[in-house]
Amino acid sequence: MTGQSGARGGSARTVAGFLAALLPVAVAVGVYAFGRTHTPDYTSGLFGQHGVGVYDLKARLGSALMALAVVQLLLGLWMYRRLPGAGAAPHRVHPTHRLIGLLAFLLSLPISYHCITAYGVDFASSRSAVHSITGCVLYGAFVAKVLVVRSRRLPGWALPAAGGALVTAIALMWYTAALWFFTGSAPGF
């Protein structure tokens, strides 16, 4: 009997791993498909801003998102005792990590909404191609992190991999858009 229950446990772990990999990919592919088939509206605004005003607003919101991602990374490292010299994290760090993660996700939505509806998935330059693909991956990485956090069946490396992918995607998005705008490298995103 133990052999059968052990086999079922391994099977459940395989199914959980497969779903944890499939759903994030499906989300990323779905965002990509929408961005490629949607007709961009280059005149759309964001919170009443248009033209350069919307670029500045998105760069500032993206920078706030980047700051929240760095805080998330530091809190995650602290919670898992990987932050050098910090010791054990107090209990309040866990709910703070969740709250900041929620705020980061909510902050990303208007930025992403504007990008995907105003520009779609764009391959006009290498920067915009990297930005577009990373934007699609960002929400897949978010789904992956949520699934990994909720699962007890996935291997220990899955959480740092999912969290690292999410922070990396946010950093790459910030680098190819907000920093690009602030340094005057391009007239917009």
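**Student:** Is there a simple way to explain a nonpolar patch on the surface in this structure?
**Tutor:** Side chains of Leu-99, Leu-102, Leu-103, Leu-106 and Leu-109 sit close together on the surface and give an oily, nonpolar patch of about 440 Å² of accessible area. With respect to the helices, strands and loops of the structure, Leu-99 is situated in helix H3 (residues 93–118).

**Student:** I tried to follow the pattern of salt bridges on my own but got confused; where do I start?
**Tutor:** Oppositely charged side chains may form a pair once their charged atoms are brought near each other. Under the definition given, this model contains one salt bridge. A salt bridge links Asp-56 to Arg-60; its shortest N-O distance comes to 3.0 Å. Highlighted residues: Asp-56 and Arg-60, both in helix H2 (residues 52–79), separated by four residues, approximately one helical turn. Residue classification places Arg-60 among the exposed residues on the basis of a relative accessible area of 52%.

**Student:** Would you take a moment to explain the environment of Thr-134 for this structure?
**Tutor:** Relative to the helices and strands, Thr-134 resides in helix H4 (residues 126–150). Residue classification places Thr-134 among the buried residues on the basis of a relative accessible area of 8%. Spatially, the C-alpha atoms of Thr-134 and Thr-176 are 9.5 Å apart, while their sequence positions differ by 42 residues. Setting aside residues no more than four positions away along its own chain, Thr-134 makes contact with Ala-169, Leu-172 and Met-173.

Cut-offs applied
Residues numbered from 1 in each chain as written. Predicted model: local features only at pLDDT ≥ 70, side-chain atom pairs only at ≥ 80, totals over all residues. Heavy atoms only, no water. Patch = residues over 30% accessible without salt bridge, like charges linked within 9 Å, V, L, I, M, F, W, Y side chains within 5 Å. Areas by Shrake-Rupley, 256 points an atom, 1.4 Å probe, with all protein chains shown as cover. Salt bridge = Lys/Arg side-chain N within 4 Å of Asp/Glu carboxyl O. Helix = DSSP H or I, 4+ residues; strand = E, 2+ residues; numbered from the N terminus. Buried < 20%, exposed > 50% of the residue type's maximum accessible area, 1.4 Å probe, protein only. Contact = heavy atoms within 4.5 Å.

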